[in-house]
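Listed below are the residues making up each chain.
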Amino acid sequence: MAPKLGRLAATAVLLAGVFGLVGAVQAAEVRHGKDEHLKPNGKGWGELDPTGETEKNAAKFSRLPNNGISYHGGPLMLGTPTVYYIWYGNWTPPSPAPNPTTQTILSNFASYIGGTGWYNINTTYYDGSNRHVSNAVAFYTTQINDNYSHGTSLNDTAVQNIVGSALASNALPIDPNGVYFVLTSQDVTETSGFCTQYCAWHTHGTYTNAGHSYDIKYGFIGNPARCPSACAEQTNTPNGDLAGDSMASLIAHELSESVTDPDLNAWFDQRGQENADKCAWHFGTTSTASNGSQYNVSVGSMRYLIQQNWVNASGGYCALKY
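Quick caveat, the model's predicted, so the values are computed rather than measured.

1. With respect to the nonpolar core
Okay, so step 1: Among the nonpolar cores identified, the biggest contains 76 residues, and Tyr 85, Leu 106, Phe 109, Phe 181, Leu 183, Leu 255 and Tyr 304 are the most heavily contacted of them.
Okay, so step 2: The leading source of residues in this core is helix α5 (residues 242-260), at eight residues.
Okay, so step 3: In this structure Leu 183 touches Tyr 85, Ile 86, Trp 87, Tyr 88, Trp 91, Leu 106, Ile 221, Met 247 and Ile 251, once residues within four positions along its chain are discounted.

This is the structure:
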């Protein structure tokens with residue numbers, strides 16, 4: 001997800017280390033022609049596809065209704081995907097904690113976002129066999145903490161290896177229909193562009209275990225408390241925790257893109273923007289909480305300010321529910 005500061009040059013996602021190399025692309029600043037069909041990089045903008053497959057698939061599936069976003073033939077996450085959290089860095093709550101902790105806020109969010117009118121927007125997306133994303137999400141309640149195994153300065157490969165280590169140690173199960181989010185504490189940065197080019201991202205990689213290969217979906221969720229002007233919509237937040245409240249919208253964004261475009265070859269527009277990219281930093285109608293903060297959805301027992309998502313129907317539009 002690109003920050004409020006805008007989008008800069010594209011940076012490669014290098015899928016190496018534990019997963020093995022899967023199609024690395026050289027980082028470059030390029031100028032795209034208006035007629036070029038770009039491929040998403042999972043960080044909020046599109047890049048050229050030198051293979052030409054993106055353009056071919058766009059034409060192949062052009063018979064589908066045009067709602068401002070196109071299907072390109074890739075798989076979607078069907079059934080009930082599971083969200084997994086890896087808490088990276090220092091997540092020790094203050095004592096005594098005056099407000100719900102970040103972990104409480106985001107656990108509640110992942111536990112109850114499935115079944116909401118907001119998440120139901122994703123059911124407007126379907127694969128080549130007309131199988132739709134479901135309005136259901138499971139949350140793996142056994143969460144793990146990673147105490148700075150790769151220090152406080154991560155690159156994309158380090159994020160991938162954090163996920164790979166959790167799988168290799170059996171701390172988390174190997175789940176091809178899951179999304180593994182690495183959530184970082186305020187003192188952790190991501191060197192490929194956190195706070196300047198993106199606030200969060202998602203991608204996938206091939207993980208091999210005991211001779212079997214698995215397509216694993218995972219993502220990085222940066223801590224907006226590190227750069228609130230770029231990655232937080234407001235500093236006074238509904239649950240009194242800037243990090244947790246702001247990360248909820250980032251997770252919603254990346255989860256929606258993970259289920260509708262898990263391998264970066266399913267649903268996106270000609271510029272390479274995925275569904276949540278098309279509505280980033282647009283929140284629709286909001287209400288005012290007792291502490292003066294803004295919110296627009298209720299999930300479980302808490303209120304959140306969550307960006308809108310792109311409805312793949314009626315010509316396409318940003319909305320808070322469907």
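2. Here's the deal with the pairing of strand β8 (residues 178-184)
Okay, so step 1: Extensive coverage of β8 is indicated by the burial of seven of its seven residues.
Okay, so step 2: Where strand β4 (residues 82-88) and β8 come together, seven bridges link them in parallel fashion. Residue pairing across strands places Val 83 opposite Val 179, the latter belonging to β8.
Okay, so step 3: Sheet topology note: the β8/strand β11 (residues 212-221) ladder contains five bridges and is parallel. Residue pairing for β11: Val 179 is matched across the bridge by Lys 217.

3. Points about helix α3 (residues 156-168)
Okay, so step 1: Helix length check: α3 (13 residues) gives 18 Å between terminal C-alpha atoms against 18 Å at 1.5 Å per residue, within 8%.
Okay, so step 2: Buried residues dominate α3, accounting for 10 of its 13 residues.
Okay, so step 3: Within the span of α3, buried status applies to Asp 156, Ala 158, Val 159, Gln 160, Asn 161, Ile 162, Val 163, Gly 164, Ala 166 and Leu 167.
Okay, so step 4: Two to three positions downstream of the cap, the backbone nitrogen of Thr 157 sits 3.2 Å from a side-chain oxygen, assigning the N-cap of α3 to Asn 155.
Okay, so step 5: Directly beyond the C-terminal end of α3, a positive phi value near 65° is found at Asn 170.

4. Section: the pattern of salt bridges
Okay, so step 1: Taken as a whole and assessed by the stated rule, the structure comprises six salt bridges.
Okay, so step 2: The shortest N-O distance in the salt bridge between Glu 53 and Lys 56 comes to 3.8 Å. Placement of both Glu 53 and Lys 56 in helix α1 (residues 53-60) is noted, with a separation of three residues, approximately one turn of the helix.
Okay, so step 3: You can call Glu 53 partly exposed: its relative accessible area is 38%.

5. Quick look at α5
Okay, so step 1: The terminal C-alpha atoms of α5, which comprises 19 residues, lie 28 Å apart, in line with the 27 Å expected from a rise of 1.5 Å per residue.
Okay, so step 2: Within α5, 19 of the 19 residues are buried, which leaves the element mostly enclosed by the surrounding structure.
Okay, so step 3: At the N-terminal boundary of α5, the capping side chain belongs to Asp 241, with an oxygen 3.2 Å from the backbone nitrogen of Ala 243.

6. Thoughts on unusual backbone geometry
Okay, so step 1: You will see that Asn 170, though not glycine, has its phi angle at about 65°, which is positive.
Okay, so step 2: Looking at the secondary structure, you find Asn 170 in the loop between α3 and β8.
Okay, so step 3: With a phi angle near 50°, Ala 210 is a residue other than glycine that sits in the positive phi range.
Okay, so step 4: Within the element layout of this structure, Ala 210 appears in the loop between β10 (200-209) and β11.

7. Examining the packing of aromatic side chains
Okay, so step 1: In total, this model carries 16 aromatic pairs according to the counting rule given.
Okay, so step 2: Ring centres 4.9 Å apart and planes at 75° place the aromatic pair Trp 87 and Trp 91 in the edge-to-face group.
Okay, so step 3: Residue classification places Trp 87 among the buried residues on the basis of a relative accessible area of 0%.
Okay, so step 4: Under the relative-accessibility criterion, Trp 91 is labelled buried at 13%.
Okay, so step 5: Through successive ring pairs, a cluster of aromatic residues spans Phe 61, Tyr 71, Tyr 125, Tyr 126 and Trp 267.
Okay, so step 6: One cation-aromatic arrangement involves Lys 4 over Trp 281; the distance from NZ or CZ to the ring centre is 5.8 Å.
Okay, so step 7: Looking at Lys 278, its charged tip hangs above the ring of Trp 310, at a distance of 4.5 Å from the centre.

8. Some words on the state of the cysteines
Okay, so step 1: Inspection of every chain in the model, using the stated rule, returns three disulfides.
Okay, so step 2: The side chain of Cys 199 participates in a disulfide bridge whose partner is Cys 231; the two sulfur atoms lie 2.1 Å from each other. A torsion of -90° about the S-S bond marks the disulfide between Cys 199 and Cys 231 as left-handed. One end of the pair, Cys 199, is in the loop between β9 (189-190) and β10; the other, Cys 231, is in helix α4 (residues 228-231), with 32 residues separating them in the sequence.
Okay, so step 3: In the chain, numbering the disulfide-bonded cysteines from first to last in sequence yields the connectivity 1-3, 2-4, 5-6.

9. Some remarks on the environment of Ala 252
Okay, so step 1: For Ala 252, the location among the structural elements is in helix α5.
Okay, so step 2: Residue class for Ala 252 comes out buried when judged on its relative accessible area of 1%.
Okay, so step 3: Separated by 139 residues in sequence, Ala 252 and Ile 113 have C-alpha atoms that sit 8.4 Å apart.
Okay, so step 4: When neighbours within four sequence positions are excluded, Ala 252 is seen to be in contact with Phe 109, Trp 118 and Ile 306.

Cut-offs and rules
Residues numbered from 1 in each chain as written. Predicted model: local features only at pLDDT ≥ 70, side-chain atom pairs only at ≥ 80, totals over all residues. Heavy atoms only, no water. Core = buried A, V, L, I, M, F, W, Y, C linked by side-chain atoms within 4.5 Å. Buried < 20%, exposed > 50% of the residue type's maximum accessible area, 1.4 Å probe, protein only. Helix = DSSP H or I, 4+ residues; strand = E, 2+ residues; numbered from the N terminus. Contact = heavy atoms within 4.5 Å. Pairing = 2+ DSSP bridges. Expected span 1.5 Å × (residues − 1). Polar contact = N/O pair within 3.5 Å; in protein donor to acceptor, adjacent residues only side chain to side chain. Salt bridge = Lys/Arg side-chain N within 4 Å of Asp/Glu carboxyl O. Phe/Tyr/Trp six-rings, centres within 6.5 Å; stacked < 30°, edge-to-face > 60°. Lys NZ or Arg CZ within 6 Å of the ring centre and 35° of its normal. Disulfide = S-S within 2.5 Å.

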